[in-house]
Amino acid sequence: MNYLQYYPVDVVNGEGTRCTLFVAGCEHQCKGCYNQKSWSFCAGVPFDQAMEDQILADLKDTRIKRQGLSLSGGDPLHPKNLTALLPLVQRIKHECPDKDIWLWTGYRLQELNAEQQAFLAYIDVLIDGKFIQQLADAKLLWRGSSNQVIYRLKA
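Values in this document were obtained by computation on a predicted structure and should not be read as measured data.

(A) Focus on unusual backbone geometry. Residue glycine 73 is joined to glycine 74 through a cis peptide bond whose omega torsion reads 25°. Residue position: glycine 74 is located in the loop between strand E4 (68-72) and helix H2 (79-95). With phi around 65°, tryptophan 142 is a residue other than glycine that occupies positive phi space. As for its position among the elements, tryptophan 142 is in the loop between strand E6 (125-128) and strand E7 (149-152).

(B) Representation of the nonpolar core within the structure. Grouped together as the largest cluster of nonpolar side chains are 27 residues, with contacts concentrated most on Leu21, Ile55, Leu71, Leu77, Leu88, Ile92 and Phe119. Sorting elements by how many residues they give to this core places H2 first, with five residues. Setting aside residues no more than four positions away along its own chain, isoleucine 55 makes contact with Tyr6, Leu21, Phe47, Leu69, Leu88 and Ile92. In this structure, Trp102, Trp104, Val125 and Trp142 belong to the second largest nonpolar core, which totals five residues.

(C) Fine view of helix H1 (residues 49-60). Here H1 contains 12 residues, and its C-alpha end-to-end distance of 16 Å stays within 8% of the 16 Å for a straight helix at 1.5 Å per residue. Those residues of H1 that sit buried are Met51, Glu52, Ile55, Leu56, Asp58 and Leu59. Here the buried residues of H1 occupy an arc of 160° about the axis, which is enough to place them on one side. Summarising the contacts, the buried residues of H1 are in contact with strand E1 (2-10), strand E2 (18-23), E4 and H2.

(D) Inspection of the pattern of salt bridges at higher detail. Enumeration over the complete set of coordinates arrives at 10 salt bridges. A salt bridge links glutamate 95 to lysine 60; the nearest nitrogen and oxygen atoms lie 2.5 Å apart. In this pair, glutamate 95 sits in helix H2 while lysine 60 sits in helix H1, placing the two residues 35 residues apart along the sequence. It is possible to trace a salt-bridge network through shared partners that takes in Glu52, Asp53, Lys60, Arg91 and Glu95.

What counts as what
Residues numbered from 1 in each chain as written. Predicted model: local features only at pLDDT ≥ 70, side-chain atom pairs only at ≥ 80, totals over all residues. Heavy atoms only, no water. Helix = DSSP H or I, 4+ residues; strand = E, 2+ residues; numbered from the N terminus. Core = buried A, V, L, I, M, F, W, Y, C linked by side-chain atoms within 4.5 Å. Buried < 20%, exposed > 50% of the residue type's maximum accessible area, 1.4 Å probe, protein only. Contact = heavy atoms within 4.5 Å. Expected span 1.5 Å × (residues − 1). Arc of directions from axis to C-beta. Salt bridge = Lys/Arg side-chain N within 4 Å of Asp/Glu carboxyl O.

Geometric values such as these leave the question of function open.
Set out below in structure tokens:
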């Protein structure tokens, strides 16, 4: 898996101060997408053990308290990205059980295959649905268009 950007401190993509990872690769290619450079699975740089370790170190850093990790893209739930992201989210839940994980995907919750559904066991908040330009609304919190749904999977 490749990723395009990692923000060790982010206050935009989810509640509280967070770490945010933008993965590469998206088959949805929504018209009006603000992150078209993320569509290619070859974009960015390879996600490696050093990057995984950096994310965990940042989540554990007590100098800047972070509420959790946000995964966006691209599409973190694309099958090509699940293999790299599953060990990351499992490790976060094991080593940092007090941190939450938010994930944005163009897939609808009802359409997820078994592998994608299993991944959700580690996700606290899911924002689903393709960006639809005709339904775009800049006033929406954490969503680009009104068809997208925020699911709080864990209390």
